[in-house]
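Chain and residue survey
Each chain, written out:
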Amino acid sequence: MYNTNAATYEAVDGSNSISLTGTAPVFTTSNDAISFVAGHLLLADGADLTVNSVGGPISIAGDITGTSDEAVTLNAGTADGNATVALGIIATEIDTITITGNDGVTLNGNISTSDDSGASVSITGDITLGASITIDTNQTTNDGSVTIGAVDANNTLTIDSGAGNVSVGVVGGTTALSGLVINVADATADNGDITIAGIGDDNPAYGVVGNVTIGNAYTDLLTFSGTNYDVDGTTVVYETEAGAGRILMTGANVSFLNNAKNITFDSGSITLSNDGTTTIGTGTGAGNIQIDGAIDGTSSQTENLVIESGTGSTTVDGAIGAVNKVGTITIGSANDGAITVSSIGVADTSGASGAVAIGNTDTTTLTLDGTIYETTSTQTYSCLLYTSDAADE
């Protein structure tokens, strides 16, 4: 136990130059700073590290490494303007990492966990990336979970949790990231669920100015729990395992945007699960929209669907509303992008409770390559060559 007022610990800046050999050492101040300004911390077997500043800033400049699945807890306490945490690399034989900085957490180095049951990374407080950061809990046998809050700064965040679940707050709500990558390896065991609360919040306009790739062909569930997912990058891909209900949109009036670039919902089918309107777009310029799976609403909810690809193409390969109908459907209401829609509803079952409007008089090509387009309200299909109306089919 180390109880002090403001405290600074320093050693030669080298490997393992600060060794903690006691069982579960605790460093505590009373609303004062605790700083490890140089030296690398080595935790001996059983030396689970706890740092409590009770409202003061915590700063660890060097690496933290363990010996046999040690835990690291850094708790700056209740927000009072100074409850911040700044740290470097955490790697090698650390199983659980718990960081609380209610006035902010700055990550200056990568974080990884050991191959131990119950491994996890949990960060409470808005995160600033001091560099491009990787959080890696994907191990040979035991993959750890990752739970973090909002993330900002002009750097790239990469998360690899394998079978561990991931939860991320709003990305780039204050300062846009330059890239976002979460669980992209197509490995059978890398099937952890992913939840993300948002990308950008309209201020700045984009939460990531760079590429976004979230999920892989084995991801069990990808949940978008917020309302804005706004990107300005060459490629945006959201991917899960194929099947119903793999991509879940739980926010009301959700908006997905990649500014004049491609956006793909790969393999998994989409479920809209809250009243409101879900909009998927690429702006008025180029940028293709590719939706591989089906799109369904939720029973007892009215979810409207809008897809706008500007001069790029829109392709919906799965049925819309075949399991649970959506509200209205609007696709390609302006600009000249080509549109392909496979089907709406199933035989004798409506896929939309409201009006359907697909294409406009500038649409270059409108392809309806399925056999069923069944709704309970008006249907309007338009393109350069013709406009057709069908009511109450």
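This text gives an overview of the structure that appears in the document. Only a predicted model underlies this, so the values are computations on that prediction, with no experimental measurement involved. (Residues numbered from 1 in each chain as written. Predicted model: local features only at pLDDT ≥ 70, side-chain atom pairs only at ≥ 80, totals over all residues. Heavy atoms only, no water.)

Our next topic: empty space enclosed by the protein. This structure, assessed with the given rule, holds one cavity of 30 Å³ or more. Grouping the constituent residues of the lining of the largest cavity by class yields two nonpolar, eight polar and no charged. (1 Å grid on protein atoms, 1.4 Å probe; cavity = no way out; pocket = protein on both sides within 12 Å on 5 of 7 lines; lining within 4 Å. Points joined across faces, edges and corners; volume = space filled by probe spheres on them. Nonpolar A, V, L, I, M, F, W, Y, C, P; charged D, E, K, R; others polar.)

Further remarks concern the pattern of salt bridges. In total, this model carries two salt bridges according to the counting rule given. Of the charged contacts, one joins Arg246 and Asp220 as a salt bridge, the two residues approaching to 3.9 Å between their closest N and O atoms. With Arg246 in strand β27 (residues 235–249) and Asp220 in the loop between β24 (212–214) and β25 (222–224), the pair connects residues that are 26 residues apart, well separated along the chain. The partly exposed category is assigned to Asp220, whose relative accessible area is 28%. (Salt bridge = Lys/Arg side-chain N within 4 Å of Asp/Glu carboxyl O. Helix = DSSP H or I, 4+ residues; strand = E, 2+ residues; numbered from the N terminus. Buried < 20%, exposed > 50% of the residue type's maximum accessible area, 1.4 Å probe, protein only.)

Glancing now at the packing of aromatic side chains. Scanning the model with the defined rule gives twelve aromatic pairs in all. Ring geometry for Phe224 against Tyr238: centres 5.0 Å apart, planes inclined by 80°, an arrangement best described as edge-to-face. Taken together, the residues span a long stretch of sequence, with Phe224 in strand β25 and Tyr238 in strand β27 at a distance of 14 residues. When its relative accessible area of 0% is taken as the criterion, Phe224 is described as buried. Residue Tyr238 is classed as buried on the basis of its relative accessible area, which comes to 1%. Measuring from ring centre to ring centre gives 5.9 Å for Tyr238 and Phe256, while their planes differ by 65°; the resulting arrangement is edge-to-face. Taken together, the positions of Tyr238 in strand β27 and Phe256 in strand β28 (residues 255–258) put the pair 18 residues apart, joining distant regions of the chain. Through pairs of rings, three or more aromatic residues link up here, namely Phe224, Tyr229, Tyr238, Phe256 and Phe265. (Phe/Tyr/Trp six-rings, centres within 6.5 Å; stacked < 30°, edge-to-face > 60°.)

That's the geometry; what it means functionally is another story.
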